[in-house]
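Structural overview
Residue strings, one per chain:
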Protein chains: 2
Amino acid sequence: MINKLVKKIKETNAPIVVGLDPMLNYVPEHIRKKAFDNFGETPEGAAEAIWQYNKGIIDSTYDLIPAVKPQIAMYEQFGVPGLAAFEKTVKYAKEKDLVVIGDVKRGDIGSTSAAYATAHLGKIQIGTKNYSLFDEDFATVNPYLGTDGIKPFIDVCKKENKGLFILVKTSNPSSGEFQDRIIDGRPLYEWVGEQVAEWGAEHMGDSYSYVGAVVGATYPEMGRVLRKVMPKSYILVPGYGAQGGTAEGLRPYFNEDGLGAIVNSSRGIICAYQQEKYAGFGAEGYAEASRQAVIDMIQDITSIF
Amino acid sequence: MINKLVKKIKETNAPIVVGLDPMLNYVPEHIRKKAFDNFGETPEGAAEAIWQYNKGIIDSTYDLIPAVKPQIAMYEQFGVPGLAAFEKTVKYAKEKDLVVIGDVKRGDIGSTSAAYATAHLGKIQIGTKNYSLFDEDFATVNPYLGTDGIKPFIDVCKKENKGLFILVKTSNPSSGEFQDRIIDGRPLYEWVGEQVAEWGAEHMGDSYSYVGAVVGATYPEMGRVLRKVMPKSYILVPGYGAQGGTAEGLRPYFNEDGLGAIVNSSRGIICAYQQEKYAGFGAEGYAEASRQAVIDMIQDITSIF
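Residues numbered from 1 in each chain as written. Chains lettered and ligands numbered in written order. Predicted model: local features only at pLDDT ≥ 70, side-chain atom pairs only at ≥ 80, totals over all residues. Heavy atoms only, no water.

Some points on the overall build of chain A
For chain A, the count of helices and strands is twelve helices and twelve strands. For 305 residues, the compact-globule estimate of 2.2 N^0.38 gives 19 Å, and the C-alpha radius of gyration of chain A, at 19 Å, lies within 12% of that figure. C-alpha atoms of chain A, sized along the principal axes, occupy 60 × 55 × 35 Å. Taken across its 305 residues, chain A has 66% of its residues classed as buried. (Helix = DSSP H or I, 4+ residues; strand = E, 2+ residues; numbered from the N terminus. Rg over C-alpha atoms; globule rule 2.2 N^0.38 Å. Buried < 20%, exposed > 50% of the residue type's maximum accessible area, 1.4 Å probe, protein only.)

What follows is the structure, given as C-alpha cells:
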C-alpha cells in the first residue's frame, strides 16, 4: 500500500491528502435540508448529510489527488449512523482508486490493539466467514503504550499489505508538554521517531516503509531532524493552512527525491466555499470550490521544489 | 458521576469494575449458535452474540458491582453492527444503574477531541434537536497530545457531569519504553500524573476529582508513587488477574480511606466458565460462573484492607 501511495503521489504530482473531517456546519444548506427532509433532524439525517457532502468532494477532486484522510471522530460524534457514513466514505473513496488513511489514532495493548487493527485494516473471522469491515488502507496510531501497542497493528499490516502513520510530533500548540521533554539529551519525539524507524524496518515497501509517522507542519525545525531520524518513513504532515503551517516550512519534511511526505489539508479544502477567496462558487458550488482549492494547494506546495 | 461511582463502591464494598471485552470465542456455543441461526455468520450475528453474552453477565452481576468497563475495540472489530452492540450494552448497564466506563482510549486535538468527547460523553446538536449517543459515564483518554487534547474532554465533562481516566502508566510489559524514560530526574509517567492532578483540580467532585488516571496493577511501586502525586484522582487499575497483578500488590493504589482505586478484571470474570476453577458451571451457566468469580474477586481484593 505504501508503494501504491508513492506511485499515486508521483502520478498526480500532488504530495497532498484531503482531510474529510465533516462538521454539520460545513455542509451546505441545500444538502443538509435534503437529508433532514428524508431522515429528520436525527443522527441518520446528519450521517446522510455528511456522506452526500463527502461524495461531492470526492467526485470533484479524486483525479487530482492520491489520497483522502477521513477523521473518524467527526463521524463517531453522530453515533452508529455516523460510523456507517465513515464506512461508506472509505468504500467510495477506494472505488475511486484513492488511498484511504483512516485518521483513527487508536492504540492499546495486545489483543485490544489487535482488535483495532482488525477493525480498521484487517479481516474478522465470524464462524466460517471472513469480513473486511472499515477496511482503510492506512491507520494513524498512538505510540504512548510502546511496542506492545504497535506490533499487533504491524502484524495485520504485513498480512494485508497495509500501513500505519504513528504519532511522533503533533501539530497542536501543547504537543510539547510531553513530546518535547528532554530524555538523555534528546526530546521524546526523537526517541519515538527512532522507534518508528525501527518498527518500520520490519515492513518495508520498495523505497519507503509501510510504517510512517505523523509530524505537524507547525514545527519545521523538528521536521528537519525527524526526516533524518526516519529516512525511510513517509511523513504525514497535518497543520498546513488553517493551523498555520506554510509551504516554505514544508521543505524539511521531504527527502531529496521530492518524496517522503504527504501534506494534509482538511478545512482549507472541504470548506473552501466558506472562504472569501472561493466565495464566488457559492454553497451550491462547494465541490468545485474544493477542486480549485486543491489545485491551488498543489501549486503552493510544489512551488517549493 | 465520580460521586456516584464512589457512592456505589461504598454501597457494594466492591472497588472493582467488570471489563466487558467480548471476543467471539468467549461466547458460549449455545448463544453463538442462536445468534448465527437468526442473523447468519455475519457482523450482525456476531454483534447479537456478544450483546446477548454481555446481557447475561450484567444480569447476573449488577447487584454486586459498581461499574462495568466495555472495551470498544472488541465491538469495533465487528464494524457498525458491533458498535451498535456497544451502544446497547452501555444503555442496558445504565438501566441497571451501573456506572459505565467507556474504555475508548481516544485522544486528538481541539475540535477533534471535542468530537470524541461529544460522541462518548456529550450531546450532539442536529438541527434543532440534541442527542446523547454512546453516552458512557466515563471515558479513557490518551495524554500524548497534551492539554489541547484533554481540555475539550474536560469541558464536556463539566457540562454533563461526567468523568475521565487518563492513561498514566499502562499495565503492559513495554509500557516503560516511553512512559518510564527519565526527564529532569523523574519518569515521564510521573510528569503525566502531575498533569492529571492539575487537570483534575479544575473539575472536583465531593472528595475525588472527575479526572482520574489509569495505572496498571503490574507496577505496584509506581502505583505507590502515583497515588501520592495524584491524591484526589481515582485510579482505574487494569492488569489484575490474567495480566499478573495480585491483590497484595494493589494496596498502594488505595488511599488511607480505602477509596481511590477501582480494579478491573475482564477475562477473569467474563470467561470464568472457561477456567478449571469454575468449570462446574458449564457453558450454559457462564453467567453464574461470572457471578461467582465476582464474589471471589471482591473477597480477594477486600482482604488487603
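Having put the structure on the table, let's press on.
As for unusual backbone geometry
Residue and element names in this part refer to chain A. Of note in the backbone geometry, Lys105 takes a positive phi value of approximately 40° without being a glycine. In this fold, Lys105 is placed in strand E3 (residues 99-106). Accessibility expressed as a relative area gives 9% for Lys105, which makes it buried.

Side note on the packing of helix H5 (residues 79-95) of chain A against helix H5 (residues 79-95) of chain B
With their axes 9 Å apart at the nearest point, H5(A) and H5(B) run at an angle of 165° to one another. Regarding the angle of H5(A) to H5(B), the classification is roughly antiparallel. Seen along the crossing, H5(A) lies across H5(B) with a hand that is right-handed. Across the interface between the two elements, A:Val80, A:Leu83, A:Ala84 and A:Glu87 of H5(A) pack against B:Val80, B:Leu83, B:Ala84 and B:Glu87 of H5(B). Classifying every residue of the contact of H5(A) with H5(B) by side-chain character gives six nonpolar, no polar and two charged. (Axes fitted to C-alpha atoms, helices over the stretch in contact; angles between N-to-C directions. Parallel < 35°, antiparallel > 145°, perpendicular 65-115°, else oblique. Left-handed = near helix turned anticlockwise from the far one by under 90°. Contact = heavy atoms within 4.5 Å. Nonpolar A, V, L, I, M, F, W, Y, C, P; charged D, E, K, R; others polar.)

Details of the interface of chain B and chain A
Interfaces are often sized by the amount of accessible area the parts lose when they come together. Taken residue by residue, the interface counts 70 residues in chain B and 70 residues in chain A. For the pair chain B and chain A, the summed buried surface comes to about 5800 Å²; carbon and sulfur atoms form 61% of the total. Together, B:Glu41, B:Tyr144 and B:Phe178 form the three largest contributors to the area buried by chain B at its contact with chain A, with a combined 16%. Counting across the interface, chain B meets chain A through six salt bridges. Between A:Arg181 and B:Asp184 there is a salt bridge, and its shortest N-O distance comes to 3.4 Å. At the surface where chain B touches chain A, the tally comes to 35 residue pairs in polar contact (both at pLDDT 80 or more). Among the elements that take part in the side of chain B that touches chain A, helix H6 (residues 110-121) of chain B stands out by supplying seven residues, more than any other. Each residue belonging to the side of chain B that touches chain A can be placed in one class, and the counts come to 35 nonpolar, 23 polar and twelve charged. (Buried area = accessible area lost by both parts, 1.4 Å probe. Salt bridge = Lys/Arg side-chain N within 4 Å of Asp/Glu carboxyl O. Polar contact = N/O pair within 3.5 Å; in protein donor to acceptor, adjacent residues only side chain to side chain.)

Some words on the confidence of the model for chain A
On average, residues of chain A carry a pLDDT of 96, and 100% of them reach 70 or more. Among the scores for the predicted complex, ipTM is 0.97 and pTM is 0.97. (pLDDT = per-residue confidence, 0-100.)

Focus on the relation of the copies chain B and chain A
Mapping chain B onto chain A calls for a rotation angle of 180° and an axial translation of 0.0 Å; the resulting RMSD is 0.0 Å. What the rotation and shift describe, once combined, is the action of a two-fold rotation axis. Minimal C-alpha separation from the rotation axis in chain B is found for B:Ile183, amounting to 2.7 Å. (Least-squares fit on C-alpha atoms with pLDDT ≥ 70 in both.)

Considerations on the side chain of B:His203
Residues and elements named next belong to chain B. Note that His203 resides in the loop between helix H9 (188-201) and strand E10 (211-215). A relative accessible area of 9% means that His203 is categorised as buried. If sequence neighbours within four positions are ignored, His203 has contacts with Ile154, Cys157, Lys158, Lys162, Ser209, Tyr210 and Val211.

As for helix H7 (residues 147-160) of chain B
Residues and elements named next belong to chain B. Over its 14 residues, H7 extends 20 Å from the first C-alpha to the last, a length consistent with the 20 Å expected when each residue adds 1.5 Å. Among all positions in H7, only Thr147, Gly149, Ile150, Pro152, Phe153, Ile154, Val156, Cys157 and Glu160 are buried. Backbone geometry just downstream of H7 places Asn161 in the positive-phi region, at approximately 60°. (Expected span 1.5 Å × (residues − 1).)

Some details on the nonpolar core
Ranked by size, the top nonpolar core spans 236 residues in total, and within it A:Leu250 and B:Leu250 carry the most contacts. Contacts of B:Leu250, omitting those with residues within four sequence positions, involve B:Ala217, B:Val237, B:Tyr240, B:Val263, B:Ile301 and B:Ile304. (Core = buried A, V, L, I, M, F, W, Y, C linked by side-chain atoms within 4.5 Å.)

Points about the pattern of salt bridges
For the structure shown, the criterion picks out 48 salt bridges over all chains. Between A:Lys8 and A:Asp97 there is a salt bridge, with the nearest N and O atoms lying 3.5 Å from each other. Of this pair, A:Lys8 sits in helix H1 (residues 2-12) while A:Asp97 sits in the loop between H5 and E3, and the two are 89 residues apart along the sequence. Here B:Glu194 and B:Arg186 are joined by a salt bridge, their closest N and O atoms 2.9 Å apart. Note on B:Arg186: relative accessible area 22%, which makes it partly exposed. Residues joined by salt bridges that share partners form a network here, namely A:Lys69, A:Asp103, A:Lys105 and B:Asp108.

Re the sheet that holds E10(B)
Residue and element names in this part refer to chain B. Reading around the barrel, the eight strands line up as E1-E2-E3-E6-E7-E10-E11-E12 and close back on themselves, with parallel pairing between neighbours. Strand after strand, the sheet turns through a mean of 30° between neighbouring axes, direction not considered. As paired elements, strand E3 (residues 99-106) and strand E6 (residues 138-141) share three bridges and run parallel to each other. By the bridge assignment for E6, Arg106 is matched with Val141. Those strands touched by H9 are strand E7 (163-169) and E10, and its axis lies near 165° from that of E7. (Pairing = 2+ DSSP bridges.)

Focus: the environment of B:Phe305
Residue and element names in this part refer to chain B. Note on placement: Phe305 falls in the segment after helix H12 (286-302). As a C-alpha pair, Phe305 and Glu256 span 49 residues in sequence and 9.5 Å in three-dimensional space. Apart from residues no more than four positions distant in its own chain, Phe305 is found in contact with Arg251, Phe254 and Gly258.

Describing the packing of aromatic side chains
Within this structure, the stated rule accounts for 16 aromatic pairs over all chains. Here a set of aromatic residues connected by ring pairs shows up, and it is made of A:Tyr53, A:Tyr273 and A:Tyr286. Geometry around A:Trp191 places A:Arg186 over its ring, the cationic atom sitting 4.9 Å from the centre. The ring of A:Trp191 carries B:Arg181 above its face, with NZ or CZ at 4.1 Å from the centroid. (Phe/Tyr/Trp six-rings, centres within 6.5 Å; stacked < 30°, edge-to-face > 60°. Lys NZ or Arg CZ within 6 Å of the ring centre and 35° of its normal.)

Observations concerning the pairing of strand E12 (residues 261-265) of chain A
On a regular strand, one side chain projects to one face of the sheet and the next to the other, so that they alternate. All names here are of chain A. In terms of burial, E12 is largely enclosed, as five of its five residues are buried. Residues Ala261, Val263 and Ser265 point to one face of E12 and Ile262 and Asn264 to the other, with burial holding for every one of them. Taken together, the three bridges between strand E1 (residues 16-20) and E12 define a ladder with parallel strand orientation. When the bridges of E12 are listed, Val18 appears paired with Ser265. Bridge analysis of strand E11 (residues 235-237) against E12 gives three bridges, and the strand direction is parallel. What sits directly across from Val237, in E12, is Val263.

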